[in-house]
Amino acid sequence: MIYLITGCAGFIGFHLSNNLLKNKKNKVYGIDSLNNYYPTKIKRERLRILKKKKNFFFKKIDLTDKKKIGIFFSKINLDYIFHFAGQPGVLYSFKNPKSYKSNNIIATKNLLNVIHKNKIRKFIFASSSSVYGDQKIYPIRETFKVRPINYYASTKIVCEKLIRRSFANCKNKFIIFRFFTVYGPYGRPDMFIHKLLNNVKIKKTIKLHNYGKNLRDYTYIDDVVKILKYYIKLKHLKQNIFNICRSQPIETNKLIKKIQKSLKRDIKFKLIPKVKGEMYITHGSNKRIFKRFKLRFTSIDKGIEQTIKTYNLKGF
Ligand SMILES: NC(=O)c1ccc[n+]([C@@H]2O[C@H](COP(=O)([O-])OP(=O)(O)OC[C@H]3O[C@@H](n4cnc5c(N)ncnc54)[C@H](O)[C@@H]3O)[C@@H](O)[C@H]2O)c1
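Residues numbered from 1 in each chain as written. Predicted model: local features only at pLDDT ≥ 70, side-chain atom pairs only at ≥ 80, totals over all residues. Heavy atoms only, no water.

1. Considering the layout of surface pockets
Computed from the structure, the second largest pocket encloses a volume of approximately 460 Å³. Around the second largest pocket, the lining comprises 21 residues; the ones closest to its centre are His15, Asn18, Pro185, Tyr220 and Asp222. Taken together, the elements giving at least two residues each to the lining of the second largest pocket come down to α1 (11-20), α2 (40-51), α8 (221-232) and α11 (300-314). With five residues, the single largest contributor to the lining of the second largest pocket is α11. In terms of residue class, the lining of the second largest pocket is made up of seven nonpolar, six polar and eight charged. (1 Å grid on protein atoms, 1.4 Å probe; cavity = no way out; pocket = protein on both sides within 12 Å on 5 of 7 lines; lining within 4 Å. Points joined across faces, edges and corners; volume = space filled by probe spheres on them. Helix = DSSP H or I, 4+ residues; strand = E, 2+ residues; numbered from the N terminus. Nonpolar A, V, L, I, M, F, W, Y, C, P; charged D, E, K, R; others polar.)

2. A few points about unusual backbone geometry
Here Tyr138 and Pro139 are connected by a cis peptide whose omega angle stands at 0°. Among the structural elements, Pro139 can be located in the loop between β5 (122-128) and α6 (151-166). For Thr181, which is not glycine, the phi torsion reads 30° and is therefore positive. Counting through the fold element by element, Thr181 comes out in the loop between β6 (174-179) and β7 (182-183). The phi torsion at Tyr186 lies on the positive side, around 60°, for a residue other than glycine. Examined against the element boundaries, Tyr186 turns out to sit in the loop between β7 and α7 (192-201).

3. Brief notes about the pairing of strand β2 (residues 27-32)
Burial of β2 is extensive: five of the six residues sit out of reach of the surface. Pairing of strand β1 (residues 2-6) with β2, which is carried by five bridges, proceeds in the parallel orientation. By the bridge assignment, Ile5 is partnered in β2 with Gly30. Sheet analysis places β2 next to strand β3 (residues 56-60), joined by five bridges and oriented parallel. Paired with Gly30 across the strands is Phe58, a residue of β3. Taken together, β2, α2 and β3 form a β-α-β motif whose crossover is right-handed. (Buried < 20%, exposed > 50% of the residue type's maximum accessible area, 1.4 Å probe, protein only. Pairing = 2+ DSSP bridges. Right-handed = clockwise from strand over helix to strand, strands pointing away.)

4. Concerning the pattern of salt bridges
Counted under the stated rule, the structure contains six salt bridges. Between Arg178 and Glu160 there is a salt bridge; the shortest N-O distance is 2.7 Å. Of the two residues, Arg178 is situated in strand β6 and Glu160 in helix α6; the sequence distance between them amounts to 18 residues. Across the pair Asp301 and Lys258 runs a salt bridge, and its minimum N-O distance is 3.3 Å. Placement of the pair is Asp301 in helix α11 and Lys258 in helix α9 (residues 252-263), with a sequence separation of 43 residues. One salt-bridge network, held together by shared partners, links Glu160, Arg164 and Arg178. (Salt bridge = Lys/Arg side-chain N within 4 Å of Asp/Glu carboxyl O.)

5. Structural notes on the packing of α7 against α9
Helix-helix packing is described using two parameters, namely the angle between the two axes and the distance between the axes. Across the interface, α7 lies against α9 with an axial gap of 12 Å and an inter-helix angle of 50°. Compared by their axis directions, α7 and α9 come out oblique. In terms of crossing hand, the pair formed by α7 and α9 is right-handed. Contact with α7, carried on its side by Phe192, Ile193, Leu196, Leu197 and Val200, involves Thr252, Leu255, Ile256, Ile259 and Leu263 of α9 and no other residues of that element. Looking at side-chain class alone, the contact of α7 with α9 contains nine nonpolar, one polar and no charged residues. (Axes fitted to C-alpha atoms, helices over the stretch in contact; angles between N-to-C directions. Parallel < 35°, antiparallel > 145°, perpendicular 65-115°, else oblique. Left-handed = near helix turned anticlockwise from the far one by under 90°. Contact = heavy atoms within 4.5 Å.)

6. Let's talk about the environment of Leu263
Position of Leu263 among the secondary structure elements: in helix α9. Look at Leu263 and you get buried, because its relative accessible area is 13%. In sequence terms Leu263 and Leu197 are 66 residues apart; their C-alpha atoms lie 8.9 Å from each other. With residues up to four places along the chain from it excluded, the contact list for Leu263 reads Leu197, Val200 and Ile308.

7. Focus on α6
Between its terminal C-alpha atoms α6 stretches 22 Å, which fits the 22 Å expected from 16 residues at 1.5 Å a residue. Looking at the buried side of α6, the elements it contacts are α4 (92-95), α5 (97-114), β5, β6 and β11 (241-244). (Expected span 1.5 Å × (residues − 1).)

8. Side note on a positive patch on the surface
Side chains of Arg44, Lys51, Lys59, Lys60, Lys68 and Lys75 sit close together on the surface and give a patch of like positive charge. Mapped by element, the contributors of at least two residues to the positive patch are α2, β3 and α3 (66-75). Topologically, Lys75 is positioned in helix α3. (Patch = residues over 30% accessible without salt bridge, like charges linked within 9 Å, V, L, I, M, F, W, Y side chains within 5 Å. Areas by Shrake-Rupley, 256 points an atom, 1.4 Å probe, with all protein chains shown as cover. Lys, Arg positive; Asp, Glu negative; His and termini not counted. Charge placed at Lys NZ, Arg CZ, Asp CG, Glu CD.)

9. Details of a nonpolar patch on the surface
Taken together, the side chains of Tyr211, Phe269 and Leu271 make up a nonpolar region of the molecular surface, amounting to roughly 290 Å² of accessible area. With respect to the helices and strands, the residue Phe269 is situated in strand β13 (residues 269-271).

10. Overview of the pairing of β5
In terms of burial, β5 is a largely internal element, seven of the seven residues being buried. Alternating residues of β5 divide into Lys122, Ile124, Ala126 and Ser128 and Phe123, Phe125 and Ser127, and every residue in both groups is buried. With four bridges joining them, strand β4 (residues 80-83) and β5 adopt parallel strand pairing. The residue of β5 that forms the bridge with Ile81 is Phe123. Relative to β6, β5 runs parallel, the two sharing six bridges. Residue pairing across strands places Ser128 opposite Phe179, the latter belonging to β6.

Structure representation (structure tokens):
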């Protein structure tokens with residue numbers, strides 16, 4: 001099979017590419033702009049690992065560059081496209097909304113305009129739990145109304161609409177996955193666990209928003225990859241939107257204790273009030289995913305242990 005993964009140097013794109021490359025019959029094309037939203041050192045390290053495989057082909061392309069992507073797509077035929085490139089992060093969307101418009105909305109529009117919809121088997125999009133905002137009932141099901149409380153979430157909703165419209169006549173050809181706080185080795189340094197590990201390393205205090213009472217539905221990267229790989233193979237899907245979550249949220253205060261135990265080091269933290277635009281709880285339902293695929297999710301203890309092990313060994 002021939003795969004394209006946009007955002008292959010990013011956290012999720014890297015893990016998926018790395019897994020697909022294990023099958024030598026697969027060809028994986030990766031695109032990434034290698035932007036500096038967070039230090040590029042980790043993106044380059046992820047790429048270095050992928051480039052060791054002969055069936056991986058990387059092209060540094062910014063998806064906002066219509067001309068370049070036009071040329072790229074005129075030369076290849078693809079079976080699956082995973083569109084994981086984008087501008088993530090909730091709080092940064094208040095600081096730099098332009099980056100969300102370009103890298104989420106415009107990038108997705110450009111990509112949809114150049115792909116050969118009839119020829120591909122599936123187009124898979126990385127959406128986010130943040131589209132749901134704060135709800136009254138938990139766990140959140142895919143049928144719940146979206147209630148974005150930050151610009152990041154709004155751009156993901158626009159992308160979802162663009163994809164639905166673009167594939168209106170071929171409903172079985174796209175899947176939108178709404179990820180809930182994915183974590184694991186080589187994780188994003190702007191997300192809580194790796195931010196914490198980096199702070200501990202330099203003995204810096206970490207701020208716990210909402211006095212450490214926020215709840216997050218942490219989902220381990222290997223579980224995410226397993227779900228992605230299973231679902232893309234299904235020919236007929238009744239639905240196109242799926243939550244990917246463990247459905248067992250954990251409070252930041254509890255998570256800190258687990259990390260402290262595993263790290264065997266003191267963690268300096270400061271409790272601060274709720275931060276504007278941040279959700280209080282992310283807690284998804286995974287019933288829809290489980291209808292077709294049974295998976296024993298990685299426990300948070302095991303996931304943290306694996307993450308810290310790689311961090312201690314590789315520094316990421
Ligand atoms: N990690 C999570 O918990 C999580 C949760 C919900 C949704 N998501 C979504 O999943 C996707 C992947 O997330 P991630 O955690 O791997 O993020 P990431 O930032 O590590 O990866 C995204 C990659 O996309 C690249 N990119 C950004 N704009 C680009 C452009 N215009 N052209 C080409 N490449 C570009 C970046 O350089 C980066 O390497 C993102 O769309 C994100 O919004 C992630």
